[in-house]
Amino acid sequence: MTNHIAVIKGDGIGPEIVTEAMKVLDRVAEVFGHTFEYEQLLMGGCSIDAYGEPLTDDTIAACKRADAVLMGSIGGNTTTSPWYKLPAHLRPEAGLLKLRKSLGLFANLRPCVLYPELRRACTLREDISEQGFDMLIMRELTGGLYFGERHTEPVDGVMTAVDTLKYDENEIRRIAIKAFEVAMKRRRKVTSVDKANVLDTSRLWRKVVEEVAKDYPEVTLEHALVDSTAMQIVRAPAQFDVMVTENMFGDILSDEAAMVTGSLGMLPSASLNETKFGLYEPSGGSAPDIAGKDIANPIAAILSGAMLLRYSLDMQAEADAVEAAVKQVLADGYRTGDIMSEGCTRVGCAEMGTLIAERVKKGA
Ligand code: IPM
Ligand code: MG
């Protein structure tokens, strides 16, 4: 059977890290006897340059035809790139948001794990990092501030900008269910993060999450405020298992959680709808400052490939093999610059991909 994977390499470091993820997927195909067929598509800044818009209808249609989408990153330097002189709806990020919405990808899973080998790259104090942590951020991805009505206009002669934060109970329920479902396969704890001391959307969020929790009596539910959670992530990250939160809080907290694992370059993500279809991308950005220098860390992209195998293609053994290969390469002392520590061997993006691909084997 042939699996069709749509590939959006994107901008900045996207092309180089996705090339390494494909190298690893090709190795999986070889070892496990699969056929992966790739269709390369443009989205983001490169699509603006080619077609004058960040996401074309053809790209959306091609993604819908595929079994899954593997993505790199999009966007450029927001102060210097000409893409940011365009009206907001024609900028690279608008393409990504439209793609998420068009594909109905409401659930964004961002697993943040501190690998024992990377404890020295962790930015936290040693007494905290030595406890390790393994949390999964379940970020709502197609609602909230990102998709609410927005405009900028003069009101009584004063320029005024408005963004709208809106959630209905169905949007909250479906992401809460996803969170409890994954928690059942993990350590059975859900932390629901909100700002219920101020926001109406958060008060509704709490109420709906409480209702969903009744169907999962084995899962412990706790509510936490977003500001306090930001503090707890650096104070005691080991306390978290599954964290479920709205779109913007999830965007912010996942960068923070990623950094305490050692580097943004380590954090994969899966964006899912109600079916098996999904889009897989590193949680970090396009890092235009280091693009094309062969120094980016491809591990987040490679681990996103593992999530693609696991969630969209039902290939658990294959996903395990990729994750084991990443652990092995770290245990063997190879590091890209962002996670480098003394006594390790520094390698570039392409070499890291090759080293991981070589370590993919059956029965990992
Ligand atoms: C992310 C990114 C995007 C987001 C940007 C590029 C629009 O930061 O995936 O976390 O804010 O969702
Ligand atoms: Mg982000």
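Parameters at a glance
Position numbers for residues count from 1 along each chain, tracking the sequence in the order it is written. Chains and ligands are labelled by the order in which they are written, letters from A for the one and numbers from 1 for the other. Residues qualify for local features only when their pLDDT is at least 70, as the model is predicted, and side-chain atom pairs are given and counted only at 80 or more; totals for whole chains, interfaces and linings, by contrast, use all residues. Each side-chain value is derived from all of the structure's non-hydrogen atoms; neither hydrogens nor water enter the calculation. Domain start and stop positions are those given by an automatic or database domain assignment. Whether two residues touch is decided by their heavy atoms; if any such pair falls within 4.5 Å, the residues are in contact. In short, buried area is how much 1.4 Å probe accessible area vanishes from two parts on joining, totalled over both. Throughout this description, the term salt bridge denotes a Lys or Arg side-chain nitrogen within 4 Å of a carboxyl oxygen of Asp or Glu. The definition of a polar contact used here is a pair of N or O atoms within 3.5 Å, where within protein one atom must be able to donate a hydrogen and the other to accept one, and adjacent residues in sequence count solely through side-chain atom pairs. A cavity here means a set of points on a 1 Å grid, drawn over the protein atoms and nothing else, where a 1.4 Å probe fits but cannot get out; a pocket is an open set with protein on both sides within 12 Å along at least five of seven lines, and a residue lines either one if it has an atom within 4 Å of a point. Grid points are joined across faces, edges and corners, and a volume is the space filled by probe spheres set on the points. Strands here are runs of E lasting at least two residues and helices are runs of H or I lasting at least four, both read from the DSSP assignment and numbered beginning at the N terminus. All amino acids are sorted into three groups, where Ala, Val, Leu, Ile, Met, Phe, Trp, Tyr, Cys and Pro are nonpolar, Asp, Glu, Lys and Arg are charged, and the leftover types, Gly among them, are polar. When a residue's accessible area, from a 1.4 Å probe over protein chains only, is under 20% of the maximum for its type it is buried; when over 50% it is exposed; and in between it is partly exposed. For two strands to count as paired, DSSP must find a minimum of two bridges between them. One heavy atom within 4 Å of a molecule or strand is enough for the residue carrying it to be called near that molecule or strand. Surface accessibility in these figures is a Shrake-Rupley result with a 1.4 Å probe; residues are shielded only by whichever protein chains are displayed. In summary, the pairing rule links any two rings of Phe, Tyr or Trp, Trp by its six-membered ring, whose centres are within 6.5 Å, and it sorts them by plane angle into stacked for under 30 degrees, edge-to-face for over 60 and tilted for everything else. Whether a charge sits over a ring comes down to the Lys NZ or Arg CZ being within 6 Å of the ring centre and within 35 degrees of the ring normal. By disulfide we mean two sulfur atoms from cysteines, separated by a distance within 2.5 Å.

A.B. asks: Just to check I follow, could you spell out the domain arrangement of the protein chain for this structure?
C.D. replies: Interfaces are frequently sized by the accessible area removed from exposure as the parts join. If you check the domain split of the protein chain, you get domain 1 (1-111 + 264-364) and domain 2 (123-260). Across the boundary between the two partners, domain 1 contributes 17 residues, which contact 18 residues of domain 2. Between domain 1 and domain 2 the total buried area reaches about 1700 Å² when both faces are included, carbon and sulfur atoms providing 63% of it. Between domain 1 and domain 2 we count zero salt bridges in total. Linking domain 1 to domain 2 there are six residue pairs in polar contact (both at pLDDT 80 or more).

A.B. asks: What am I meant to see in empty space enclosed by the protein here?
C.D. replies: Any space left empty among the atoms is revealed by the rolling of a water-sized probe across them. Scanning the model with the defined rule gives one cavity of 30 Å³ or more in all. Quantified by volume, the largest cavity comes out at close to 60 Å³. Going through the elements one at a time, β8 (189-194) and α7 (200-213) are the ones with two or more residues in the lining of the largest cavity. It is α7 that contributes the most residues to the lining of the largest cavity, three residues altogether. Tallied by class, residues from the lining of the largest cavity come to six nonpolar, two polar and two charged.

A.B. asks: Can you help me understand the pairing of β8 in this one?
C.D. replies: Regular strands have side chains that alternate between both faces of the sheet. Burial analysis of β8 places six of its six residues in the buried class, the great majority of the element. Of the two faces of β8, the one lined by Lys-189, Thr-191 and Val-193 and the one lined by Val-190, Ser-192 and Asp-194 are each fully buried. Summarising the sheet, β8 and strand β9 (residues 220-225) pair through six bridges and their orientation is parallel. Bridging across to β9, Lys-189 finds its partner in Thr-220. Across four bridges, β8 lies against strand β10 (residues 242-245) in parallel orientation. If you follow Val-193 over to β10, its bridge partner there is Thr-245.

A.B. asks: Quick question: what am I supposed to make of the site of ligand 1 here?
C.D. replies: Around ligand 1 lies a shell formed by Glu-93, Arg-100, Arg-110, Arg-139, Tyr-146 and Asp-251. At 2.8 Å from an oxygen atom of ligand 1 is found a side-chain nitrogen or oxygen belonging to Arg-110. The separation between an oxygen atom of ligand 1 and a polar side-chain atom of Arg-139 is 2.8 Å. Considering ligand 1 on its own, with 320 Å² of exposed area, one finds that the protein chains cover 78% of that surface. A class-by-class count of the residues in the shell around ligand 1 yields one nonpolar, no polar and five charged. Two domains each donate at least three residues to the shell around ligand 1, and these are domain 1 (1-111 + 264-364) and domain 2 (123-260).

A.B. asks: What is the right way to read the packing of aromatic side chains from this model?
C.D. replies: What describes a pair of aromatic rings is the distance from one ring centre to the other and the angle between the planes of the rings. This model, assessed by the stated rule, comprises two aromatic pairs. Between the aromatic rings of Tyr-167 and Trp-205, the centroid separation amounts to 5.6 Å while the plane-to-plane angle is 70°, which identifies the pairing as edge-to-face. Pair noted here: Tyr-167 is in the loop between β7 (158-163) and α6 (169-184) and Trp-205 is in helix α7, with a separation of 38 residues, a long-range link. In terms of burial, Tyr-167 and Trp-205 fall into one category: buried. Seen in terms of ring centroids, Phe-180 and Tyr-216 are 5.2 Å apart; in terms of plane orientation they differ by 20°. Their pairing is stacked. Remark: Tyr-216 occurs in the loop between α7 and β9 and Phe-180 occurs in helix α6; sequence separation between them is 36 residues. The exposure class of Tyr-216 is buried, given its relative accessible area of 11%. The ring of Phe-147 carries the charged tip of Lys-101 above its face, separated from the ring centre by 4.7 Å. For Arg-174, the ring lying beneath its charged end belongs to Phe-106, and the centroid distance is 4.2 Å.

A.B. asks: Before we go on, may I ask you to explain the state of the cysteines in this structure?
C.D. replies: Here is the idea: a disulfide is a covalent bond, and it sits between the sulfur atoms of two cysteines. Per the stated rule, a full pass over the model turns up zero disulfides. Not part of a disulfide, Cys-46 finds its nearest cysteine sulfur in Cys-63, a span of 12 Å. The cysteine Cys-122 is free of any disulfide, with Cys-112 supplying the nearest cysteine sulfur at 12 Å. By relative accessible area, Cys-122 is classed as buried at 8%.

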